[in-house]
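Listed below, chain by chain, are the residues.
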Amino acid sequence: QVQLLESGGGLVQPGGSLRLSCVVSGNTFSAYTFYWFRQAPGKEREFVAFITSDFRTNYADTVKGRFTISRDNAKMTGYLQMKSLKPEDTAVYYCNIPTNQGTYWGQGTQVTVSS
């Protein structure tokens, strides 16, 4: 069974940084594109970034230049480095991996940007 476990969320002041991690188990992590999404209160879940199996990346315009997605296939872990955080980045962040057997989500980690 595929499981995704996020960590690294928390409370940070505007302009601060956080790094989220997502450990994947039960799956050949390296073969698939890995995604981060987020959902703010009262809003729909939205795309943040992805990284392909050959390490190509893409970002939502709202985070481009501030967030960096990466992956360590040996550790079966994906990361989201977030810098210059803004209050509007406040959301629950989810990792996601679509596979041949289905699409899997983590449980989410809360990121709150506030002074």
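Our subject is the structure that appears above.
Since we're looking at a predicted model, the values are computed, not measured.

Counted as a void, the largest pocket has a volume near 160 Å³. Considering the residues around the largest pocket, the lining is formed by Arg38, Gln39, Ala40, Lys43, Glu44, Glu46, Thr62, Glu88, Thr90 and Ala91.

As enumerated under the stated definition, the model contains one disulfide in all. The disulfide that involves Cys22 links it to Cys95, with 2.0 Å between the sulfurs. Looking along the S-S bond of the Cys22-Cys95 disulfide, the torsion reads about 65°, which is the right-handed sense. Of this pair, Cys22 sits in strand S3 (residues 18-25) while Cys95 sits in strand S9 (residues 91-99), placing them 73 residues apart in sequence. You'll find Cys22 and Cys95 in the same group, each marked buried.

Parameters at a glance
- Residues numbered from 1 in each chain as written.
- Predicted model: local features only at pLDDT ≥ 70, side-chain atom pairs only at ≥ 80, totals over all residues.
- Heavy atoms only, no water.
- 1 Å grid on protein atoms, 1.4 Å probe; cavity = no way out; pocket = protein on both sides within 12 Å on 5 of 7 lines; lining within 4 Å.
- Points joined across faces, edges and corners; volume = space filled by probe spheres on them.
- Disulfide = S-S within 2.5 Å.
- Helix = DSSP H or I, 4+ residues; strand = E, 2+ residues; numbered from the N terminus.
- Buried < 20%, exposed > 50% of the residue type's maximum accessible area, 1.4 Å probe, protein only.

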